[in-house]
Amino acid sequence: MNPTDAAAAATQSATNAAMQVAAGDNMNFLQRAFSEGGIVMYIIAAIAIMSIIVIVDRIMKLKNLNVDKKEFTDQIFRMVVAGDLRQAISYCDARPAALTNTVKAGLVQAMNKRPDEEIQVAMDAAVMREMPKVEGWVSFLAVFGNIAVLAGLLGTIIGMIGSFRAVAVADPATKSIELSKGISHALNCTAFGLLVSIVCIVAYGLFQHRIQKTENEVVETSMSLLNLVVANREKIRD
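Residues numbered from 1 in each chain as written. Predicted model: local features only at pLDDT ≥ 70, side-chain atom pairs only at ≥ 80, totals over all residues. Heavy atoms only, no water.

Engineer: Quick one: what's the story with the environment of leucine 62, residue by residue and with numbers?
Structural biologist: Secondary-structure assignment places leucine 62 in helix H2 (residues 39-64). Under the relative-accessibility criterion, leucine 62 is labelled buried at 5%. Each C-alpha atom of the pair leucine 62 and alanine 97 lies 9.4 Å from the other, and the pair is 35 residues apart in sequence. (Helix = DSSP H or I, 4+ residues; strand = E, 2+ residues; numbered from the N terminus. Buried < 20%, exposed > 50% of the residue type's maximum accessible area, 1.4 Å probe, protein only.)

Engineer: I'd love a proper account of the layout of surface pockets, names of residues and values included.
Structural biologist: Over the atoms a probe the size of a water molecule is rolled, and this reveals where empty space is left. A volume near 210 Å³ is recorded for the largest pocket. Every residue along the wall of the largest pocket is listed here: Leu62, Leu65, Asn66, Val67, Ala97, Ala98, Leu99, Val134, Arg210, Lys213, Thr214 and Glu217. Within the residue set of the lining of the largest pocket, elements represented by two or more residues are helix H5 (98-111) and helix H8 (175-231). The class makeup of the residues in the lining of the largest pocket is seven nonpolar, two polar and three charged. (1 Å grid on protein atoms, 1.4 Å probe; cavity = no way out; pocket = protein on both sides within 12 Å on 5 of 7 lines; lining within 4 Å. Points joined across faces, edges and corners; volume = space filled by probe spheres on them. Nonpolar A, V, L, I, M, F, W, Y, C, P; charged D, E, K, R; others polar.)

Engineer: Explain unusual backbone geometry to me, using residue names and the numbers behind them.
Structural biologist: With a phi angle near 65 degrees, lysine 113 is a residue other than glycine that sits in the positive phi range. Among the secondary structure elements, lysine 113 is positioned in the loop between H5 and helix H6 (116-135). Since its relative accessible area comes to 44%, lysine 113 is described here as partly exposed.

Engineer: So what about the pattern of salt bridges? Which residues, and what values?
Structural biologist: Here the structure, examined in full by the defined rule, presents seven salt bridges. Glutamate 130 is the salt-bridge partner of lysine 133, the closest N and O atoms lying 3.6 Å from each other. On the criterion of helical spacing, the pair formed by lysine 133 and glutamate 130 is a turn pair, its members being three residues apart in helix H6. By sharing partners, the salt bridges in this structure join Asp57, Arg58 and Lys61 into a single network. (Salt bridge = Lys/Arg side-chain N within 4 Å of Asp/Glu carboxyl O.)

Next up, the structure:
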């Protein structure tokens, strides 16, 4: 082996060793945190898992419910102005979402020659029916965020109580060790609880913004559709 190859092999070996040490340190850090934090750490971990399930579920559902509002309204309004409500309903059926289902409810009533009030009532009912599907379990993220903070606080108090009790009965040589264990217990629970809570609250805020935006789009589009249908009733074909 020439000197260049030997140097490269040594560098690669050092890199692999460093990565193994880093991975081991990370694993040891997590194991140590859960070991020192006690049972409250596992309670917070359970809250974190449920939060992740809700977050992933909403990301996938909202992605599937995403509709290009401009393209959709342009196509639907063009069909309504042309009087072809059957094609407009078929267009909505091909893109099931809160917006399209609400518009479809109004189009069906318009095609059946129902009064304007019944068209509006049908779309209002569709909004009330569709929005819970958009919201899903998002409200639970706020609950999980609060519970995570409280669980972390509970772990902190348990750790401090255990620390003071241990110090009270420990001999002078081990008092500092017992005090450190209690403080470590408390801080691990506090940090983990706050971390889970921050993730939950941030995700809740982002989802609420997206849900409110979707609701505004649905209401705005349904009102525009109603006005368009009223103005073009004579063009509607059977």
